[in-house]
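Letter by letter, the chains look like this.
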Amino acid sequence: MTSFLTGLGPIYPEIIIAIGAMALLMYGVFRPETDANAEATGWLGVLVLATAAMTVALDPPAPASLFEGAFVSDRFTDFAKLLVIAGSAFALMLSFDYFRRVKSLKFEYPVLVLLATVGMLIMVSANDLITLYLGLELQSLALYVLAAFRRDNVKSSEAGLKYFVLGALSSGMLLYGASLIYGYTGSTNFTAIAAVAQGKAAAESLGLIIGLVFLLVGIAFKISAVPFHMWTPDVYEGAPTPVTALFAAAPKIAALALLVRTMHGAFPGLGPQWQQVITLLAIASMLLGAVAAIGQTNIKRLMAYSSIGHVGYALVGLAPNSPEGMQSVLIYLAIYLVMTLGVFAVIVSLHRKEGQVVEIADLAGLSKTNLPLAFALFILLFSLAGIPPLAGFFAKFYVFAAAIKAGLYPLAIIGVLSSVIGAYYYLRVVKVMFFDEAKDKLLPVPRVPGMIVVAASVFVIFFAVFAGPVVDAAAAAAKVFKF
Amino acid sequence: MALTAVFFYIFAVLAVVSGAMVIIAKNPVHAVLFLILAFFNAAGLFVLLGAEFLAMLLVIVYVGAVAVLFLFVVMMLDVDFAELKAGFIKNAPVGLLVGGTVLAELVALFMARGFGAGIAKAPAAVMPTAASGISNTEALGRILYTKYAFFFQGAGLILLVAMVGAIVLTLRQREGVKRQSVPVQNARDPATAIEIVKVPTGSAVVPSAEAQR
């Protein structure tokens, strides 16, 4: 009876955050509802996330599995979990000044962010279809509520409702796929599925492959890969900006890690089958992300298409099914996280007296009114475009190098072409900031987002200098999987 | 055995017929009642399969909670179902054509390639036999809190999120709501509860701010 209680070490991060969220809920409920108390809850939430990150960092590197193989922990999960926790923590830090300015600072916000983070960590560690689904739902439900968090704002409510309806649809597809997989293999555990789904019999089993495709569709919804991306621009535009920052950062990394684990953990025997799907998703996402962003006037919608494109580039690294590819995906995710959080730290800070600024045209002449901010945004956007020697270039370089090494030349060529097309819309924002006539002055940038912008810019500029640890950690994490 | 088959066909036919009636019924309240009938028949099928716990859950959760909730929604919200269904007959042929095509394609696909029975499946968990003295419910309980403890807790967290979310999105602190506070009521004494007002002849008594509160 004690067997499942002893040795809970690998799941401590999840337990810490879950208990922290419940404690913060109590703390928030029993204190007067003031902005100061809500912000204190938020900072305590950041502290809980930092503690969990420490626990992950101290996690022994040897692979471990818990609950009869339903939950695994190894170098790969540690790497992904650190990224997810960092994404959630920084997105949470961005939220306080924003919500104070729009007068909806509430203590439930950090609680929901923490619970969503628990869901993401469970997704990263999932080694069972049930774990996968529970993690995904925990994460998604909390995020639906966060999208509608400014409930008096029509766009925010619309974003929450749209995300909920389409998310429920994708969950349905995912569950249908999972039930087919369970039916044809007789198990929900990835290791057991991998043992059965091998060889010619599995490759010819129509039911199993239909199940696999439905599962992929469900996950593709969550990472917003084309053609399952329709919800992304509307939700990114409507949700409160710090929530959009969270959407763009943490859940994408968790869902991509889940995709990697599901494909490599449960379906190594069906490699050619899922590689086709991933390749198609990658090409479609890169092209749509590059082309559709051109016409956007709202900077949050622009970032939504940008994130769709970046998911495409990350999937390019997954398509070769090689150790280099896996390493490149992880490096890509780490760099993407920093760049996105940096850009959103800028967007969150763009306020006028009348309210938030979300139109690209409103950025006109930012270089004259606030040169440091304009310069930081310029650096971050160039990095997103993939211009050397900034971090974004190295991210794309590793991914395309892995694709070329595996002989996937069409994929690499389409990737490079679409990143050239994509550079146009990033450059357009820079042009508006530096060469258009100045508009009214913006409110000063609050301290916390300012610091995050500076940190992200420094990381992006000097990535080449201290890339070593990130690349090494990604290589160690990629070794977890056999190819 | 023959008796089981008879009951199976009774439950199955009733379930399908009442399922069809749910979408055919003109009156939405009747539709919900047919839904409840469908649930009961499905529960009967579960009993025939030896899964009496699932049958109980179906009756308690779906009939007891979900269907009643549906009834409330149908009665409270004034949804014009007749209007929603107005295009049903007109669009039915197109829907049948599309659905039929997809069905035919799927059948053709499976006829051509088979269902993939060739995979050696992982061994399934054994159902407790009647002789072992462990009931269905007990067997579920034994693994739910041991082997599946993690899933159980995870599901609990999801419910917590649902609760927090519902409160965040709907609770409003309204101004001017009068609430009862028992300690305050008990702590009142004549000095604070009674106010003596000198009323000049011919004018009305205007309660003070304290008394209004």
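If you're wondering where the values come from, they're calculated on a predicted model, not measured in any experiment.

**Considerations on the domain arrangement of chain B**
Residues and elements named next belong to chain B.
Then, number 1: Segmenting chain B into domains produces domain 1 (1-86), domain 2 (91-122) and domain 3 (128-171).
Then, number 2: The C-alpha-based centres of domain 1 and domain 3 are spaced at 24 Å.
Then, number 3: On the domain 3 side, the residues contacting the five residues of domain 1 number four residues.
Then, number 4: Counting the surface lost from both domain 1 and domain 3, the interface buries some 320 Å², and carbon and sulfur atoms represent 59% of this.
Then, number 5: Three residues, G50, E52 and F53, lead the burial of domain 1 against domain 3; their summed loss comes to 85% of the area buried on that side.
Then, number 6: The interface formed by domain 1 and domain 3 includes zero salt bridges.
Then, number 7: In this assembly, domain 1 and domain 3 are joined by zero residue pairs in polar contact (both at pLDDT 80 or more).
Then, number 8: Considering only residue class, the side of domain 1 that touches domain 3 consists of three nonpolar, one polar and one charged.

**Some details on a nonpolar patch on the surface**
Residues and elements named next belong to chain B.
Then, number 1: Side chains of L3, V6, F7, F8, Y9, I10, L14 and L48 sit close together on the surface and give an oily, nonpolar patch of about 730 Å² of accessible area.
Then, number 2: The element best represented in the nonpolar patch is helix α1 (residues 2-24), accounting for seven residues.
Then, number 3: Relative to the assigned elements, F8 resides in helix α1.
Then, number 4: For F8, a relative accessible area of 37% translates into the label partly exposed.

**Some words on helix α1 (residues 12-29) of chain A**
Then, number 1: The first and last C-alpha atoms of α1(A) sit 25 Å apart over 18 residues, in line with the 26 Å expected at 1.5 Å per residue.
Then, number 2: Within the span of α1(A), buried status applies to P13(A), E14(A), I17(A), A18(A), G20(A), A21(A), L24(A), L25(A) and G28(A). The buried residues of α1(A) occupy one face: seen down the axis, they fall within an arc of 160 degrees.
Then, number 3: Residues of α1(A) that are buried make contact with α2 (35-57), β2 (71-73), α3 (75-101) and α4 (108-125) of chain A together with α7 (149-170) of chain B.

**Section: the pattern of salt bridges**
All names here are of chain A.
Then, number 1: Evaluated as defined, the whole model comprises 15 salt bridges over all chains.
Then, number 2: The closest approach of N and O atoms between R301 and E237, which form a salt bridge, is 2.6 Å. Of the two residues, R301 sits in helix α13 (residues 299-318) while E237 sits in helix α10 (residues 231-238), which places them 64 residues apart along the sequence.
Then, number 3: Taking the relative accessible area as the measure of exposure, R301 reaches 18% and is therefore buried.
Then, number 4: R352 is the partner of D362 in a salt bridge, and the nearest nitrogen-oxygen pair spans 3.7 Å.

So, how was this worked out
Residues numbered from 1 in each chain as written. Chains lettered and ligands numbered in written order. Predicted model: local features only at pLDDT ≥ 70, side-chain atom pairs only at ≥ 80, totals over all residues. Heavy atoms only, no water. Domains from an automatic or database assignment. Contact = heavy atoms within 4.5 Å. Buried area = accessible area lost by both parts, 1.4 Å probe. Salt bridge = Lys/Arg side-chain N within 4 Å of Asp/Glu carboxyl O. Polar contact = N/O pair within 3.5 Å; in protein donor to acceptor, adjacent residues only side chain to side chain. Nonpolar A, V, L, I, M, F, W, Y, C, P; charged D, E, K, R; others polar. Patch = residues over 30% accessible without salt bridge, like charges linked within 9 Å, V, L, I, M, F, W, Y side chains within 5 Å. Areas by Shrake-Rupley, 256 points an atom, 1.4 Å probe, with all protein chains shown as cover. Helix = DSSP H or I, 4+ residues; strand = E, 2+ residues; numbered from the N terminus. Buried < 20%, exposed > 50% of the residue type's maximum accessible area, 1.4 Å probe, protein only. Expected span 1.5 Å × (residues − 1). Arc of directions from axis to C-beta.

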